[in-house]
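Structural overview
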Amino acid sequence: MEFPLEKVRAAFPALNVEGRNNTPLVYFDNPAGTQVPVAVANAMSDAILYGNANLGGAFDTSKLAGDIYHHAHRVMAEFLGSPCQGEGIVIAQSMTAITYNFSRALARNWQADDEIIITSSDHDGNVSPWLQAAKDSGVRVRTLRFREDDWQLHPDDLKALLSPKTRLVALNHANNMTGSINNIAPLITLARQAGAQTYIDAVQYAPHRLVDFAALDCDYLVCSSYKFFGPHLGILVGKPERLAALEAYKVRPAPNFGSGKFEHGTPQIELLAGLIACVEYFADLGRACQNSEETLSRRAAIACAFAAQTVHENALARTLISGLQQIKGITIHGITADNRLSERVPTISITATRHSSQDIAEQLAARGISCWSGHNYALETATQLGLDLEDGVVRLGMAHYNTLAEVETVLKQLNEIL
Ligand SMILES: Cc1ncc(COP(=O)(O)O)c(C=O)c1O
């Protein structure tokens with residue numbers, strides 16, 4: 001299964017825009033948001049130019065908007081591996097907005113003295129909403145820490161925190177600073193056995209690996225499409241029976257069932273059109289990667305795209321990590337072993353002994369390389385690692401459109417800066 005890198009890069013106009021040094025910009029800021037293929041932008045443009053209406057009317061543009069709305073929910077269910085056919089999908093402004101909404105609704109069923117569990121591997125979007133909901137309900141919060149010797153969350157550590165009082169376990173699928181992919185399936189099983197619900201943040205996992213909601217058997221899982229070449233939206237997939245049982249915070253005329261119960265106000269139809277195009281982008285990529293002539297379902301094609309891109313992304317990560325290891329004074333905060341690349345996404349965070357992270361990021365920017373410095377909202381991770389919270393790390397985050405030549409450029413520039 002060959003990854004068609006040239007074809008991929010041709011789909012993204014931003015990748016060919018020249019930066020300050022008359023060379024194309026190098027995007028290593030992907031964990032904060034990716035570039036967008038032409039097809040996604042065109043779909044958004046068409047929807048707002050020709051299908052701009054609210055839902056539920058008898059006229060044509062309203063019917064078109066309704067089709068976009070329902071189709072976006074259905075294709076997201078397929079993308080995330082849920083059999084719910086759109087029923088368990090909630091689409092809103094962002095993962096953070098969705099998590100605030102669901103933390104309120106879930107907390108309605110908590111009693112003072114109950115407990116919830118968060119992790120130190122999580123972005124604050126999967127921490128603060130729970131801390132605040134817990135405070136409002138008098139619920140105790142316990143923290144599952146990742147182990148620093150292998151950068152992973154461990155079932156034994158969760159076992160020690162679970163109790164009959166645990167109502168919810170909020171888990172991280174891939175860490176936005178260390179890049180670790182947490183093996184969450186056994187953690188979800190333990191939480192379920194203890195009678196707790198599970199809420200998974202897959203924001204950094206979904207751009208790099210195929211999400212399989214049904215196989216995980218969690219209650220809720222969230223991601224954000226602007227991290228995987230789509231529009232600025234957050235998406236939740238939940239077990240339909242959980243959504244049905246939950247009392248939503250909503251206005252009275254809003255539906256009492258299905259997705260609409262949790263989606264506040266008028267849907268962003270043009271962004272939903274972009275979301276459909278983004279899922280089709282993955283399916284088309286998968287068909288371009290497949291070895292056989294077989295006609296693949298959308299889900300099978302998407303799986304094919306992820307399988308091919310993982311091989312490419314692992315090659316990028318391997319080259320970047322080994323190049324960084326040759327530069328004196330750099331610490332990599334995450335998994336580095338070549339035989340453990342399956343346990344990480346290609347997000348590699350570093351600090352350097354004699355330069356601040358901000359200085360490095362600014363110097364890279366001046367050389368046409370985009371990346372972020374700071375804690376990147378991974379407050380719990382940065383605190384556990386004892387990092388300077390102000391300065392944090394330099395986060396070099398790759399996506400499937402990055403090239404080995406770009407990795408070499410970044411390494412060359414870092415060598416010069418340091
Ligand atoms: C792991 C993780 N979770 C949550 C978020 C928040 O996502 P959103 O911007 O959609 O609220 C981010 C954003 O960077 C993230 O990396």
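Quick caveat: nothing in here was measured; it's all calculated off a predicted structure.

Conventions adopted
Residues numbered from 1 in each chain as written. Predicted model: local features only at pLDDT ≥ 70, side-chain atom pairs only at ≥ 80, totals over all residues. Pairing = 2+ DSSP bridges. Helix = DSSP H or I, 4+ residues; strand = E, 2+ residues; numbered from the N terminus. Axes fitted to C-alpha atoms, helices over the stretch in contact; angles between N-to-C directions. Buried ≥ 20, exposed ≤ 12 C-beta atoms within 10 Å, placed from the backbone. Near = placed C-beta within 6 Å. Nonpolar A, V, L, I, M, F, W, Y, C, P; charged D, E, K, R; others polar. Core = buried A, V, L, I, M, F, W, Y, C linked by C-beta atoms within 7 Å. Domains from an automatic or database assignment. Contact = placed C-beta atoms within 7 Å. Expected span 1.5 Å × (residues − 1).

Taken together, the seven strands give an open sheet; going across it, the order is β2-β8-β7-β6-β5-β3-β4, and neighbouring strands pair in mixed fashion. The sheet is open, and its two edges are formed by β2 (89–92) and β4 (140–144), each paired on a single side. The average undirected angle you get between the axes of adjacent strands in this sheet is 20°. In the sheet, strand β6 (residues 197–201) pairs with strand β7 (residues 220–224) via three bridges, with the strands oriented parallel. Within β7, the position partnered with Y199 by the bridge is Y220.

Turning our attention to unusual backbone geometry. Of note in the backbone geometry, Q85 takes a positive phi value of approximately 55° without being a glycine. A positive phi angle, near 90°, is found at D113, a position not held by glycine. Positionally, D113 belongs in the loop between α4 (95–107) and β3 (115–119). Judged by the 10 C-beta atoms lying within 10 Å of it, D113 is exposed.

Here we come to the site of the ligand. If you check the shell around the ligand, you find 14 residues, and the closest are S94, T96, H123, G125 and S224. Within the shell around the ligand, the residues separate by chemical class into four nonpolar, nine polar and one charged.

If you look at the biggest cluster of nonpolar residues, it comprises 129 residues, and the most contacted ones within it are M76, L221, V222, L272 and I276. Residue contributions to this core peak at 14 residues, all from helix α10 (residues 269–289). Two domains each provide a minimum of three residues to this core, namely domain 1 (5–36 + 297–417) and domain 2 (42–278). Those residues in contact with L221 that lie beyond four places of it in its chain are L80, I200, A202, V211, F213, L216 and V237.

To continue, consider helix α2 (residues 38–50). Owing to its 3.6 residues per turn, the α-helix aligns residues three or four sequence positions apart on the same side. Here α2 is 13 residues long and its end C-alpha atoms lie 18 Å apart, about the 18 Å a rise of 1.5 Å per residue gives. For α2, the elements touching its buried residues are α3 (60–80) and α10.

It is worth spelling out the pairing of strand β13 (residues 393–397) at this point. Counting buried residues along β13, five of its five residues qualify, which places the element largely inside the surrounding structure. Residues V393, R395 and G397 point to one face of β13 and V394 and L396 to the other, with burial holding for every one of them. Bridge count for strand β10 (residues 347–352) against β13 is four bridges, and the pairing is antiparallel. Looking at β13, one finds that S349 is bridged to R395.

We now examine the domain arrangement of the protein chain. As assigned here, the protein chain comprises domain 1 (5–36 + 297–417) and domain 2 (42–278). Once you take the C-alpha centre of each, domain 1 and domain 2 turn out to be 26 Å apart. Counting residues at the interface gives 32 residues for domain 1, matched by 28 residues for domain 2. Every element with two or more residues in the side of domain 1 that touches domain 2 is listed here: α11 (298–325), β10, α13 (379–384) and β13. The element contributing the most residues to the side of domain 1 that touches domain 2 is α11, with seven residues. Looking at side-chain class alone, the side of domain 1 that touches domain 2 contains 15 nonpolar, 10 polar and seven charged residues.

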